[in-house]
Amino acid sequence: MVRIPHNVLVRPAERLERAEALDPVAVKIRDMVRRSLHDGTIRDTLHGVPLGHPLHPALAALPIGTWISAGIVDLLAGRHEGSERAARVLIATGLLAAVSAAASGLADYSELHERQLRVGVAHAATNSLAACCYAASLGIRWRGNGRLGRRLALLGLATASTSAYLGGHLAYRQASGANHTEEVPHLLPPGWHPLALLDELADGRPEARLLRDVPVVLLRKGDHVDVLAGRCSHLSGPLHKGEIIRRDGFTCLRCPWHGSTFRVTDGAVVHGPATAPQPRFDVWISDGEVRVRLPGAG
Ligand code: FES
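No experiment lies behind these values; they were computed from the predicted model shown.

A. Here's a closer look at the nonpolar core. Core analysis: the biggest nonpolar cluster contains 17 residues, and Leu-195, Leu-211, Val-216, Leu-218, Val-225, Val-227 and Phe-281 have the highest contact counts within it. For this core, the secondary structure elements donating two or more residues are strand 1 (193-197), strand 3 (214-221), strand 4 (224-229) and strand 10 (289-293). Membership of the second largest hydrophobic core comes to 12 residues, among which are Val-217, Leu-228, Phe-262 and Val-264.

Written out as structure tokens, the structure is:
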């Protein structure tokens, strides 16, 4: 049996994470995207806030799917006029779909950490190269040179596959699109837990506490206290260092790292880049003691 060393693929991606030489270009692109994408509905939609998931992986499936299909048509159907036309349609569809995938990817890219940015810029570069190969393939096929067109499409597919691997590394190994609060419900036993004394809490200012090993943030307003998980669902920013703001008539907490904004009453995402809500706790205040539990946890 042939054994593939498991590090063969991941090592280059890990080297990219440490490639400081990429920083000037990575940061320049990030700043350009930030300047052109203002806070608001378009940016939130590109991040995937209305979906409750990042939008980019769903959109990226379209060009990859159509380009793989074009490769299969090229490979199996040969040089017949009908299959050539089918391959052209698939490549053109993939190129169109790549535009929206790139827009959502760039929105996510603009809110990454340094090491993620380095892999992100390589992901964007290989995607752009793949799109160029396919655009050239399409143009050359239209001029009647199917043989060179098919070779360019094959090169495009190899480049897009490399890019897909880097995208997977960014999403899973570097957890750029993951919900960073998913584990909270699994770390706490059911029932009420003592958390703080009401008198210890400053009024109108976020305060950090540890609930067993789980960081939480408390917001006191008079005799009322709201409690959310303390690390931002986007990339674990410290919410107790965030800003309390009003949005659409609700009190919200804005993350200090990339500006994700959560409603304090229920943890809902008001603005991204976070797409997952911030876990909130039921609060019970008795004899000056603040106790919390996870909703529905007994
Ligand atoms: S960590 Fe990115 S918005 Fe909070």
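B. Region of interest: the packing of aromatic side chains. For the coordinates displayed, the defined rule picks out two aromatic pairs. Taken together, a centroid distance of 5.5 Å and an interplanar angle of 65 degrees make the contact between Trp-192 and Trp-284 edge-to-face. Taken as a pair, Trp-192 in the loop between helix 8 (184-187) and strand 1 and Trp-284 in strand 9 (residues 280-286) lie far apart in primary sequence, 92 residues in all. For Arg-88, the ring lying beneath its charged end belongs to Trp-142, and the centroid distance is 5.5 Å. Over the aromatic face of Phe-250 sits the side chain of Arg-263, whose NZ or CZ is 4.8 Å from the ring centroid.

C. Local environment of the sheet that holds strand 2 (residues 207-211). Across the sheet, which stays open at both edges, the six strands sit in the order 1-10-9-4-3-2 with antiparallel pairing between neighbours. Edge positions in the sheet fall to strand 1 and strand 2, since each has one partner strand and no second. Each strand axis lies, on average, 35 degrees off the axis of its neighbour in the sheet, ignoring direction. Strand direction decides the pairing type here: strand 4 and strand 9, joined by two bridges, are antiparallel. Note on strand 9: the bridge partner recorded for Leu-228 is Arg-280.

Rules used in this analysis
- Numbering of residues starts from 1 in every chain and runs along the sequence as written.
- Whole-chain, interface and lining totals are the exception, using all residues; otherwise, since this is a predicted model, local features are given only for residues with pLDDT of at least 70 and side-chain atom pairs are given and counted only at 80 or more.
- Note that the side-chain values use all heavy atoms of the structure and ignore hydrogens as well as water.
- For our purposes a nonpolar core is just a set of buried Ala, Val, Leu, Ile, Met, Phe, Trp, Tyr and Cys residues, chained together by side-chain atoms within 4.5 Å.
- Using a 1.4 Å probe on the protein chains alone, a residue whose accessible area is under 20% of its type maximum counts as buried, one over 50% counts as exposed, and one in between counts as partly exposed.
- Numbering of helices and strands runs from the N terminus; a helix is a DSSP stretch of H or I covering at least four residues, while a strand is a stretch of E covering at least two.
- Whether two aromatic rings pair depends on their centres lying within 6.5 Å, for rings of Phe, Tyr and Trp, where Trp uses its six-membered ring; planes under 30 degrees apart make the pair stacked, over 60 edge-to-face, and the rest tilted.
- A ring has a charge above it when a Lys NZ or an Arg CZ is no more than 6 Å from the ring centre and no more than 35 degrees off the ring normal.
- Whether two strands pair depends on DSSP finding at least two bridges between them.
- Here an angle of 0 to 180 degrees is reported between the N-to-C directions of two axes, which are lines fitted to C-alpha atoms, with helices fitted over the stretch in contact.

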